[in-house]
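# What the coordinates show
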Amino acid sequence: MRRHAIVATLLVASVLAQALAKEGSVDWAMNATIIDGCSCRMLCPCIFGSPATVGSAATHEHAGHRSCYFNAAFRVNKGHHGKVKLDGLKFWFAGDKGDAKTVELTFEPSATKAQREGIREFLSHFLPVEWESFTEGPDAKIEWKAEAVRAEAKLDGGKAAEVVLTRYSGATGEGTTVIKNMSYFAATRNDGFNILPVETIAYRRGPKPAPFEFRGTSGWTITIDMNSKDVIAAR
């Protein structure tokens, strides 16, 4: 079978992402940089407003349905889940935040069971969406590199997925456009959206999430920071 047996426990329709971990049961912290690209026109409207509105204003439409197909490649700069260190861990989160609400999470083979539990809990708070389908794909190596004017990540050498972002050719001065003082989903802190339009994004697995490929759409890199104390304080 293409997916691990764990998928059987996760493939439950209309299950809140919070159900993947017991809320508030463990002290955790996450500082991670994300290479993120989607199918929406610049800028993706999903990043505006609260997590409850994610996908409701997606600019990509197909067959009468709103879609925000996305690839988000994470690299943990520093983090922990209880006593378990998450530093250096990479994971891939992809799917459709639009009407389909279908996503898949992929770990590298080196991720331990305890580290995977920590990432699931983090995601349940970072993007607390009521997904129609949340699966875990087969483990695969993740290549990840983010620079000031270019970012690139590949899942399984690009055979499973890839995202490539580059500096806008019409940008003035050096570097890129950075948008600050704006929240990113439920992350408590971020260093700003480093705007890098999509050169290409593709997800080549399926059938859920559905495979996709786009060019010239919305993309950015961003570093987020949040922890379990932030979640408790926000209640």
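In this text the structure is predicted, and so the values were computed from the model without any measurement.

Bringing the side chain of Asn194 into the picture now. Within the element layout of this structure, Asn194 appears in strand S16 (residues 193–195). Accessibility expressed as a relative area gives 12% for Asn194, which makes it buried.

Of the two faces of strand S12 (residues 150–155), only one is covered, namely that formed by Ala151, Ala153 and Leu155; the face formed by Arg150, Glu152 and Lys154 stays uncovered. The turn linking strand S11 (residues 142–146) back onto S12 is made up of three residues. Sheet topology note: the S12/strand S13 (residues 161–166) ladder contains six bridges and is antiparallel. Residue pairing across strands places Ala153 opposite Val163, the latter belonging to S13.

According to the stated counting rule, one finds 19 aromatic pairs in the structure shown. For the pair Phe91 and Phe122, a centre-to-centre distance of 6.5 Å together with 75° between the ring planes defines the contact as edge-to-face. Taken together, the residues Phe91 in strand S7 (residues 90–96) and Phe122 in helix H2 (residues 113–126) connect sequence positions 31 residues apart. For Phe91, a relative accessible area of 0% translates into the label buried. Note on Phe122: relative accessible area 1%, which makes it buried.

As a general rule, the predicted coordinates of low-pLDDT regions are not to be interpreted in detail. For the chain, mean pLDDT is 85; residues scoring 70 or higher make up 82% of the total. Here residues 1–23 is modelled with pLDDT under 50, and outside its nearest four sequence neighbours on either side it reaches 50 contacts, counting other chains as well.

Below, the discussion takes up the pairing of strand S8 (residues 102–107). Looking along a regular strand, one sees side chains alternate from face to face of the sheet. Extensive coverage of S8 is indicated by the burial of six of its six residues. Side-chain alternation along S8 places Thr102, Glu104 and Thr106 on one buried face and Val103, Leu105 and Phe107 on a second face that is also buried. Judged from the six bridges that link them, S7 and S8 form a sheet pairing that is antiparallel. Bridge pairing in S8 links Phe93 to Leu105.

One side chain can pair with another of opposite charge once the charged atoms of both are near each other. Going through the model one piece at a time under the given rule, you end up with 15 salt bridges. Arg215 is the partner of Glu213 in a salt bridge, and the nearest nitrogen-oxygen pair spans 3.8 Å.

Quick look at H2 now. Taking 1.5 Å of rise per residue, the 14 residues of H2 would be expected to cover 20 Å, and the 20 Å separating its terminal C-alpha atoms lies within 8% of that figure. Within H2, eleven of the 14 residues are buried, which leaves the element mostly enclosed by the surrounding structure. Regarding H2, the residues found buried are Gln115, Arg116, Gly118, Ile119, Arg120, Glu121, Phe122, Leu123, Ser124, His125 and Phe126.

Reading the values: the criteria
- Sequence order as written defines residue numbering, which begins from 1 separately in each chain.
- pLDDT decides what is reported in this predicted model: residues at 70 or higher carry local features, side-chain atom pairs at 80 or more are listed and counted, and totals for whole chains, interfaces and linings draw on all residues regardless.
- Side-chain metrics rest on all non-hydrogen atoms present in the structure, leaving aside hydrogens and water.
- Each helix is a run of H or I in the DSSP string that is no shorter than four residues. Each strand is a run of E no shorter than two, and both are numbered from the N terminus.
- Note on exposure labels: buried denotes an accessible area under 20% of the residue type's maximum, exposed denotes more than 50%, and partly exposed covers the range between, all computed with a 1.4 Å probe on protein chains only.
- DSSP bridges decide pairing: two strands pair if at least two such bridges lie between them.
- Side-chain rings of Phe, Tyr and Trp (the six-membered ring for Trp) are treated as a pair once their centres are within 6.5 Å; stacked means planes under 30 degrees apart, edge-to-face means over 60, and tilted covers the remaining angles.
- By definition, pLDDT measures how confident the predictor is in each residue, and it falls between 0 and 100.
- In what follows, residue pairs with any heavy atoms lying within 4.5 Å of each other are defined as contacts.
- Definition used for salt bridges: Asp or Glu carboxyl oxygen within 4 Å of a side-chain nitrogen of Lys or Arg.
- The span expected for a helix works out to 1.5 Å for each residue beyond the first.

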